[in-house]
Amino acid sequence: MKKFLAIILTAVMSLGLVACGNSSNGDDKTYNVGICQLVQHEALDAATQGFKDELTKELGEDAVTFDEQNAQGDSATCSTIINGFVSNNVDLILANATPALQAAQAGTNEIPILGTSVTEYGVALGIKDFDGLVGSNISGTSDLAPLDQQAAMLKELFPDKKNVGLVYCTAEANSQYQVDTVKKELENLGYTCKLYGFSDSNDLSSVAKTAADESDVIYVPTDNTVASNASIIDNICRPAKIPVIAGEEGVCKGCGVATLSISYYDLGVATGKMAAKVLTGESKIEEMKIEYAPEFTKKYNKEICKDLGIEIPDDYVAIEK
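Throughout this description, residue numbers start from 1 for each chain and increase along the sequence as written. Two thresholds apply to this predicted model, a pLDDT of at least 70 for residue-level local features and 80 or more for giving and counting side-chain atom pairs, whereas whole-chain, interface and lining totals are computed over all residues. The side-chain figures draw on all heavy atoms in the structure; neither hydrogens nor water molecules are used.

Visitor: Describe the overall build of the protein, listing the residues and the values that go with them.
Guide: The secondary structure listing takes helices from DSSP runs of H or I that are at least 4 residues long and strands from runs of E that are at least 2 residues long, numbered from the N terminus. For the protein, the helix and strand inventory stands at 13 helices and 13 strands. Taken over the C-alpha trace, the protein has a radius of gyration of 25 Å; the compact-globule value for 321 residues is 20 Å, which it surpasses by more than 25%. Taken along its principal axes, the extent of the C-alpha atoms in the protein is 105 × 40 × 30 Å. Each of the 321 residues in the protein was classed as buried or not, and the buried ones make up 49%. In the protein, of all internal contacts separated by at least 6 residues, the share reaching a separation of at least 24 is 71%. Here the protein has roughly 15,300 Å² of accessible surface; of this, 48% comes from carbon and sulfur atoms. What the globule rule says is 2.2 Å times the number of residues to the power 0.38, and the radius of gyration is computed from C-alpha atoms. Relative accessibility thresholds used throughout: buried, under 20% of the residue-type maximum; exposed, over 50%; partly exposed, between the two (1.4 Å probe, protein chains only). Should any heavy atoms of two residues lie within 4.5 Å, those residues are considered in contact. Calculation of accessible area relied on Shrake-Rupley with a 1.4 Å probe; when residues are assessed, cover is drawn exclusively from the protein chains displayed.

This is the structure we're talking about:
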């Protein structure tokens, strides 16, 4: 009888150990991540994809659920999307582009927010004397290429030109920051500069036409509205033989001759690494400084350069179509 009881007790203990082992597997954490992307275009799409690829690589495909939504270029829609994420109590928000980040800032001060494809966080978030640390529930990555080097690129390619028109969307605070900075750099290099602001895509054509008529070279910053409507600028500037220096590769592919380029996919990957640290508790978001693209490449649009008869130095790389 004692032997029989011992056998029963051993069996019960074994079952208990199996049950404990199974319950530990069920404790694996899963995360819900909301993605608000301002508009669909190549650069922002690449950043979102890099973010998703890296976060699933870090945490596992079954550990992350993405609620990915596109605002179709409308800031008000960004706010609606963000409010939905807050109502659903997502674990983290990716805000892709400045209006998405601003909507997220207004929508929650509790849920961790990571921005990407944002040029200057101090300007976007209204922080004076910004030192790279937001210090709240917000951090992220910046797509800002060195503006002094962009001005130097224009000087390298067009040393004999005199008048530079800077075309940008006045509704994008980061665009204003870029053109103001580049304008000062170009004026230090001896150019005469004039700002040509447009409020939305509806008046881009008329503004671009005026800029082309009054300028020898045009500069356009990293600007979401320009990126979505680059063909408008190209259809005006290329026939007029006015070269365009662009703030990023997506814009340059559509209307520019050259740019100082970053990889938006790699920028998204860097943001994904940050997200993994926040979600797992490895890092506190309020202690994470804004990160920047580690590498910049001089690139040129082979087709437009050929049409305009522009010779490009050997250290530039052709943009792949």
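Alright, that's what it looks like, and here's the rest.
Visitor: Outline the side chain of Ser175, listing residues and values.
Guide: Tracing the backbone through its elements, the reader meets Ser175 in helix 7 (residues 173-188). Ignoring any residue separated from it by four or fewer positions in sequence, one finds Ser175 in contact with Tyr168, Cys169, Pro221, Thr222 and Asp223.

Visitor: So what's going on with helix 2 (residues 42-59)? Which residues, and what values?
Guide: Between its first and last C-alpha, helix 2 extends 26 Å over 18 residues, near the 26 Å set by a 1.5 Å rise per residue. Along helix 2, the residues classified as buried are Ala43, Leu44, Ala47, Thr48, Gly50, Phe51, Lys52, Glu54, Leu55 and Thr56. Taken together, the buried residues of helix 2 touch strand 1 (31-37), strand 2 (64-70), strand 3 (92-96), strand 4 (113-118), helix 9 (224-228) and helix 12 (264-280). Once helix 2 finishes, Gly60 follows within two positions and takes phi at roughly 105°, a positive value. Given the number of residues in a helix, its expected span is that number minus one, multiplied by 1.5 Å.

Visitor: An account of the pairing of strand 7 (residues 192-198) is needed here, citing residue identities and associated values.
Guide: Note on strand geometry: in a regular strand, side chains alternate between the two faces of the sheet. The pairing of strand 6 (residues 163-169) with strand 7 spans seven bridges and is classified as parallel. In the sheet register, Val167 faces strand 7, and the bridge partner there is Tyr196. A crossover gets the label right-handed when its path from the first strand over the helix to the second runs clockwise, viewed with the strands pointing away from the viewer. Once you follow strand 6 into helix 7 and on to strand 7, the crossover reads as right-handed. At least two bridges found by DSSP between two strands are what make those strands a pair.

Visitor: Explain the state of the cysteines to me, and be specific about the residues and the numbers.
Guide: Throughout, a disulfide means two cysteine sulfur atoms within 2.5 Å of one another. Enumeration according to the criterion identifies zero disulfides in this entry. Of all cysteine sulfurs in the structure, the one in Cys78 sits closest to Cys36, which takes part in no disulfide; the separation is 4.0 Å. Taking the relative accessible area as the measure of exposure, Cys36 reaches 0% and is therefore buried.

Visitor: Please provide a residue-by-residue account of the confidence of the model for the protein, values included.
Guide: Fine structural detail should not be taken from predicted coordinates in areas where pLDDT scores are low. Per-residue confidence from the prediction method is given by pLDDT, with values spanning 0 to 100. Chain-level pLDDT for the protein is 91 on average; 92% of the residues reach the 70-or-more range. Overall, residues 1-27 carries pLDDT values under 50, and its contacts beyond four positions in sequence, including any with other chains, amount to zero contacts.

Visitor: Can you break down the pairing of strand 8 (residues 217-220) residue by residue, with the values?
Guide: The alternating pattern of strand 8 places Val217 and Tyr219 and Ile218 and Val220 on opposite faces, both of which are buried. Relative to strand 8, strand 6 runs parallel, the two sharing three bridges. Directly across from Val164, in strand 8, lies its bridge partner Val217. In this structure, strand 8 lies alongside strand 9 (residues 244-246), joined through three bridges in parallel fashion. By the bridge assignment, Ile218 is partnered in strand 9 with Val244.

Visitor: Can you lay out the sheet that holds strand 9 for me, pointing to particular residues and giving the numbers?
Guide: Across the sheet, which stays open at both edges, the seven strands sit in the order 7-6-8-9-10-12-13 with mixed pairing between neighbours. Looking along the sheet, the strands with just one partner apiece sit at the ends: strand 7 and strand 13 (317-318). Axes here mean lines fitted to C-alpha atoms, for a helix over just the part in contact, with angles spanning 0 to 180 degrees between N-to-C directions. Set on the sheet, helix 8 (residues 204-214) makes contact with strand 6, strand 7 and strand 8; between it and strand 7 the angle comes to about 170°.

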